[in-house]
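Geometric and topological summary
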Amino acid sequence: MVIAIDGPAGAGKSTVARAVAAELGFTYLDSGAMYRCVALAAHEAGVDVDNAAGLGVLADGLEIGFEGRRVLLGGRDVSDAIRAPEVSGDASRVSVHPAVREAMVARQRELIAAGRYVAEGRDIGTVVSPDAPLKVFLTASDEERARRRAAETGEDVASVLAAQRSRDARDTEREHGALRAAADAVELDTTGLSLQRVVARIVALAQDRGLVHRPQGESGDPERTSPQFVSEGSPDSPPSEHK
Ligand code: DC
């Protein structure tokens, strides 16, 4: 069973999905890390990002694993290597190829079938798990998304914004597994919101849908368990949401 959290780069998906998983006792799945592994492996093997057939074979043979927060590629810890800016661009390029997507979607479905997951990506609610009982589509303004990513990586905001725009365009316009909200997704705009509010909203949705049962008096306290993605003192109002 999976709670699907989709949205563009920098909308806060990873931080939110991790925190929701911790709060509910579910396992977190970072599907983007898998496409990043394909990009890294392709770079190392000298397979071009436009070589659809070569990438398909490569993706099929990859051994991608997760151990806590660490991402393993063939048993090697690639958690830092896959976050390099050039890998971000290449991940977006390799992920347009249907053969790559098929290989990754099959892995994701296998994982999800074996437990209770909060999975984040672009196509979890539309392709990987169209039957997910809760789908959330997270958004935030372009500028805020770029600010958050720059704060994380130390790059300057303007170059993050430029790279983000071209990545968004490619992710949205590709033919297979394009970034879009499922018709039955709950859309949450996180601009100006604290992480705590967004997490609390998703946890409440999961409870409303009977996906988790929390004994009385054991209410989760996201203030205690979750880091911030918006700096202290930023404007904070209830999440905007529409179906
Ligand atoms: O979430 P992320 O930024 O780590 O993802 C990196 C790239 O992987 C992103 O630009 C598009 C691709 N991706 C995808 O195509 N489908 C997913 N479910 C997740 C990521």
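So, here's what we can say about the structure. (Residues numbered from 1 in each chain as written. Predicted model: local features only at pLDDT ≥ 70, side-chain atom pairs only at ≥ 80, totals over all residues. Heavy atoms only, no water.)

Moving on, we come to the overall build of the protein chain. From N to C terminus, the protein chain includes ten helices and nine strands. A fraction of 77% describes how many contacts in the protein chain between residues 6 or more apart in sequence connect residues 24 or more apart. Summing over all exposed atoms, the protein chain offers an accessible surface of approximately 11,300 Å²; the carbon and sulfur share of this is 50%. (Helix = DSSP H or I, 4+ residues; strand = E, 2+ residues; numbered from the N terminus. Contact = heavy atoms within 4.5 Å. Areas by Shrake-Rupley, 256 points an atom, 1.4 Å probe, with all protein chains shown as cover.)

Now for the site of the ligand. Neighbouring the ligand are 15 residues, the closest being Arg36, Arg101, Arg122, Asp123 and Arg167. Contact distances for the ligand include 3.0 Å between an oxygen atom and a side-chain N or O atom of Asp171. Across the complex, the protein chains shield 98% of the 440 Å² of accessible surface that the ligand would expose by itself. Taken together, the elements giving at least two residues each to the shell around the ligand come down to α2 (31-45), α4 (85-94) and α8 (157-173). Top element by residues in the shell around the ligand is α2. It accounts for four residues. Across the shell around the ligand, the residue classes tally to two nonpolar, five polar and eight charged. (Near = heavy atom within 4 Å. Polar contact = N/O pair within 3.5 Å; in protein donor to acceptor, adjacent residues only side chain to side chain. Nonpolar A, V, L, I, M, F, W, Y, C, P; charged D, E, K, R; others polar.)

The element strand β7 (residues 134-139) is largely enclosed, with a buried count of five among its six residues. One ladder, built from four bridges, connects β7 with strand β8 (residues 186-189); its direction is parallel. Bridging from a neighbouring strand, Val136 pairs with Val186 of β8. (Buried < 20%, exposed > 50% of the residue type's maximum accessible area, 1.4 Å probe, protein only. Pairing = 2+ DSSP bridges.)

Let us now look at the packing of α4 against α8. Interhelical geometry of α4 versus α8 gives an angle of 15° and a closest axis separation of 9 Å. With respect to α8, the element α4 is oriented roughly parallel. Crossing hand, α4 versus α8: left-handed. Residues Ser88, Gly89, Ser92 and Arg93 of α4 pack against Arg167, Arg170 and Asp171 of α8. For the contact of α4 with α8, the per-class residue count stands at no nonpolar, three polar and four charged. (Axes fitted to C-alpha atoms, helices over the stretch in contact; angles between N-to-C directions. Parallel < 35°, antiparallel > 145°, perpendicular 65-115°, else oblique. Left-handed = near helix turned anticlockwise from the far one by under 90°.)

This next bit is on the nonpolar core. Membership of the largest hydrophobic core comes to 37 residues, with the highest contact counts inside it found for Val38, Leu73, Ile82 and Met104. Listed by contribution, the elements that provide at least two residues to this core are β1 (2-6), α2, α3 (52-61), β4 (70-73), α4, α5 (98-113), β6 (117-121) and α6 (124-128). Looking at this core element by element, the count peaks at nine residues for α2. Once residues within four sequence positions are removed from consideration, Ile82 is found in contact with Ala33, Arg36, Cys37, Leu40, Val71 and Val87. With 27 residues, the next largest nonpolar core counts Ile3, Leu24, Leu138 and Val212 among its residues. (Core = buried A, V, L, I, M, F, W, Y, C linked by side-chain atoms within 4.5 Å.)

Here we come to the pattern of salt bridges. Counted according to the given criterion, the structure contains 15 salt bridges. A salt bridge links Arg101 to Asp123; its shortest N-O distance comes to 2.9 Å. Taken together, the residues Arg101 in helix α5 and Asp123 in the loop between β6 and α6 connect sequence positions 22 residues apart. By relative accessible area, Arg101 is classed as buried at 6%. (Salt bridge = Lys/Arg side-chain N within 4 Å of Asp/Glu carboxyl O.)

The three strands lie next to each other as β3-β4-β5, forming an open sheet whose pairing is antiparallel. If you trace the sheet from one side to the other, it starts and ends with β3 (64-67) and β5 (76-77), each paired once. Inspection of the sheet shows β3 paired to β4 by four bridges, in the antiparallel sense. The residue bridging Gly65 from the neighbouring strand is Leu72, located in β4. Packed on one face of the sheet, α2 meets β3, β4 and β5 and runs near 40° to β4.

Inspection of the secondary structure assignment puts Arg165 in helix α8. The class of Arg165 is partly exposed, set by a relative accessible area of 41%. Setting aside its immediate chain neighbours within four residues, Arg165 contacts Asp142 and Glu143.

With 16 residues, α5 should cover 22 Å at 1.5 Å per step; its first-to-last C-alpha distance of 22 Å lies within 8% of that length. Within α5 the residues assigned to the buried category are Val100, Arg101, Ala103, Met104, Val105, Gln108 and Ile112. (Expected span 1.5 Å × (residues − 1).)

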